[in-house]
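A look at the structure
Listed here are the chains, written in short residue letters.
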Amino acid sequence: MLPAHGDTDHRTRQRAQELLDHHDARLTTIAELVVAGASTAFEAAGRMRWTRYERALSELETIHQMVAVLEVSAHLELLVSTGVLRADESGEVTTFAAC
């Protein structure tokens, strides 16, 4: 998008919109998974598909599994901050539920 050397890609606006749309789709998917019973970031990540090849979490290398769970966790925190979900931090693992 914005290379260190040379001109910028002429698709910058389009790519930015694609990323925003992907983020919105992820938020919707994660909220729906919580409503359907996935109460932790790990549970939600495990029900999602990853990469352009639609791989299951268990098919990813360990480092990528960890990043996937962290990505879901960040989305869950955003959904809590916007009032879509609520978090329960009373246990060892934070759980999530619909408001």
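Everything below is about the structure shown above.
Below is a short write-up of the structure.

Procedures and definitions
Residues numbered from 1 in each chain as written. Predicted model: local features only at pLDDT ≥ 70, side-chain atom pairs only at ≥ 80, totals over all residues. Heavy atoms only, no water. Core = buried A, V, L, I, M, F, W, Y, C linked by side-chain atoms within 4.5 Å. Buried < 20%, exposed > 50% of the residue type's maximum accessible area, 1.4 Å probe, protein only. Helix = DSSP H or I, 4+ residues; strand = E, 2+ residues; numbered from the N terminus. Contact = heavy atoms within 4.5 Å. Expected span 1.5 Å × (residues − 1). Arc of directions from axis to C-beta.

**Observations regarding the nonpolar core**
W50, L57, V72 and L76 are the most contacted members of the largest nonpolar core, which totals 20 residues. Among the secondary structure elements, those contributing two or more residues to this core are α1 (12-35), α2 (41-47) and α3 (62-81). In this view, V72 contacts I30, A41, A44, A45, M48 and W50; residues no more than four positions away in its chain are not counted.

**Here's the deal with unusual backbone geometry**
In this structure, T51 takes a positive phi of about 70° despite not being glycine. Overall, T51 belongs to the partly exposed group, its relative accessible area being 40%. For E54, which is not glycine, the phi dihedral falls at a positive 55°. With respect to the helices and strands, the residue E54 is situated in the loop between β1 (49-50) and β2 (55-56).

**Quick word on α3**
Turn by turn, an α-helix covers 3.6 residues, leaving residues three or four places apart pointing in a common direction. Under the 1.5 Å per step criterion, the end-to-end length of α3 is 29 Å for 20 residues, consistent within 8% with the ideal 28 Å. Three or more residues of α3 are buried, namely A68, V69, V72, S73, H75, L76 and L79. Viewed along the axis of α3, the buried residues span an arc of 165°, placing them on a single side of the element. Opposite the buried face of α3, by more than 90 degrees, sit the exposed residues L70, E77 and S81.

Geometric values such as these leave the question of function open.
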